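Residue-level structural notes
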Amino acid sequence: MQIKVIAIDDEPEALENLKILLDEQDDYILIDSCTNGKTAIEAIIEQKPDLVFLDIQMPEISGFDVISAVRPYFAPIYVFITAYDQYAIHAFEVNAIDYLLKPFDDERFYAALHKAKKQIELKTNEDLNFKLDALLQKTNVNKKAMYIKRISVKLANRVYFLEIDKVIYLKAENQYINVFLNNGTQHLIRDTLNRLESELNPEIFFRCHRSNIVNINEIKQIEPFFSGDYIMTLKNGDKLKLSKSRKEGLKKLMNW
């Protein structure tokens with residue numbers, strides 16, 4: 001019997017790489033692939049895979065959020081795909097759930113695949129549930145330690161560091177992000193909002209629009225705009241749009 005696999009990663013290139021590697025194995029069949037947490041939750045619950053390759057750092061709904069949502073319905077074996085530091089990875093090792101640290105090579109992938117197969121053959125629901133509970137509990141305790149404390153800015157041959165608690169908001173500008181600080185300065189970094197969002201504390205930084213992430217502590221007032229959107233006035237006087245599709249998330253976060 002083939003082992004049913006679902007692969008989840010918000011990077012299409014990463015998903016394609018996983019598909020190529022899995023196609024070389026006769027014992028495994030890739031039954032679905034997902035690029036976001038929402039479709040991942042639906043796919044796992046509906047298709048009940050034996051094994052899930054799960055990217056931890058995804059915007060809006062993280063890998064840990066996926067596990068929490070699926071947990072009451074189904075418990076597959078997970079192999080995490082992550083760029084977290086060693087402190088976070090320790091949580092995975094302690095709970096005997098394997099991980100792939102980006103970037104990983106073919107040899108490391110097949111080692112994780114072999115370990116996952118053994119877990120599938122030996123697993124009991126009680127044992128797996130215990131491990132997932134322990135992982136989620138440990139993750140919730142240590143989650144804040146995983147978020148970045150500073151942003152690096154490269155200029156010529158030098159690297160400067162911006163303290164994250166001084167950031168008012170971030171704005172996407174083509175292939176760059178403009179970082180606005182509370183001292184009135186701006187700094188361009190080459191990055192994407194999707195990637196950076198996954199490294200920011202979601203209790204403080206909110207994706208108010210596809211082009212902006214705001215520090216909620218810097219919001220002075222919110223007022224209605226056109227077509228269900230809102231305008232947020234920040235403490236420094238700048239104004240940002242709050243998309244109507246993201247309004248409920250901010251209301252919940254700010255107890256608005």
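First, a word on scope: everything that follows refers to the structure included in this document. (Residues numbered from 1 in each chain as written. Predicted model: local features only at pLDDT ≥ 70, side-chain atom pairs only at ≥ 80, totals over all residues. Heavy atoms only, no water.)

1. Comments concerning the sheet that holds strand S14 (residues 230-234)
Reading across the sheet, the three strands line up as S13-S14-S15 and stay open at both edges, with antiparallel pairing between neighbours. At either margin of the open sheet sits one strand with a lone partner, and together these are strand S13 (219-224) and strand S15 (239-242). Averaged over all adjacent pairs, the angle separating strand axes in this sheet is 25 degrees, with direction ignored. Bridge analysis of S14 against S15 gives four bridges, and the strand direction is antiparallel. Note on S15: the bridge partner recorded for Ile-231 is Lys-241. Against the sheet, helix H8 (residues 247-254) engages S13, S14 and S15, with an angle of about 140 degrees to S13. (Pairing = 2+ DSSP bridges. Helix = DSSP H or I, 4+ residues; strand = E, 2+ residues; numbered from the N terminus. Axes fitted to C-alpha atoms, helices over the stretch in contact; angles between N-to-C directions. Contact = heavy atoms within 4.5 Å.)

2. Description of helix H3 (residues 63-70)
Side chains of residues three or four places apart in an α-helix project in the same direction, reflecting 3.6 residues per turn. For H3, the complete set of buried residues consists of Gly-63, Phe-64, Val-66, Ile-67 and Val-70. Projection of H3 onto a plane perpendicular to its axis shows the buried side chains occupying an angular sector of 155 degrees, all on one side. (Buried < 20%, exposed > 50% of the residue type's maximum accessible area, 1.4 Å probe, protein only. Arc of directions from axis to C-beta.)

3. Quick word on a negative patch on the surface
A contiguous patch of negative charge on the surface is contributed by Glu-24, Asp-105, Asp-106 and Glu-107. Take Glu-24: it is sitting in the loop between helix H1 (12-23) and strand S2 (28-34). What makes Glu-24 exposed here is its relative accessible area of 52%. (Patch = residues over 30% accessible without salt bridge, like charges linked within 9 Å, V, L, I, M, F, W, Y side chains within 5 Å. Areas by Shrake-Rupley, 256 points an atom, 1.4 Å probe, with all protein chains shown as cover. Salt bridge = Lys/Arg side-chain N within 4 Å of Asp/Glu carboxyl O. Lys, Arg positive; Asp, Glu negative; His and termini not counted. Charge placed at Lys NZ, Arg CZ, Asp CG, Glu CD.)

4. Side note on the packing of helix H2 (residues 37-47) against H3
Where H2 contacts H3, the two axes come as close as 9 Å, and the packing angle between them is 35 degrees. At the point where H2 passes H3, the crossing takes the right-handed sense. Along its contact with H2, which presents Gly-37, Ala-40, Ile-41, Ile-44 and Ile-45, the element H3 presents Val-66, Ala-69 and Val-70. A breakdown of the residues in the contact of H2 with H3 according to their chemical character gives seven nonpolar, one polar and no charged. (Left-handed = near helix turned anticlockwise from the far one by under 90°. Nonpolar A, V, L, I, M, F, W, Y, C, P; charged D, E, K, R; others polar.)

5. Looking at the nonpolar core
Ranked by size, the top nonpolar core spans 19 residues in total, and within it Leu-51, Phe-53 and Phe-109 carry the most contacts. Among the elements of the structure, strand S1 (3-8), H1, strand S3 (51-55), strand S4 (77-82) and helix H5 (106-122) are those that each provide at least two residues to this core. Grouped together as the second largest cluster of nonpolar side chains are 18 residues, Ala-40, Ile-41, Phe-64 and Val-70 included. (Core = buried A, V, L, I, M, F, W, Y, C linked by side-chain atoms within 4.5 Å.)

6. Looking at H1
Along its 12 residues, H1 runs 16 Å from first to last C-alpha, staying within 8% of the 16 Å computed at 1.5 Å per residue. Three or more residues of H1 are buried, namely Ala-14, Leu-15, Leu-18, Leu-21 and Leu-22. The buried side chains of H1 occupy one side of the element, clustering within an arc of 125 degrees when seen end-on. Across H1 from its buried face, at more than 90 degrees, point the exposed residues Pro-12 and Glu-13. Contacts from the buried residues of H1 go to S1, S2, S3, S4 and H5. (Expected span 1.5 Å × (residues − 1).)

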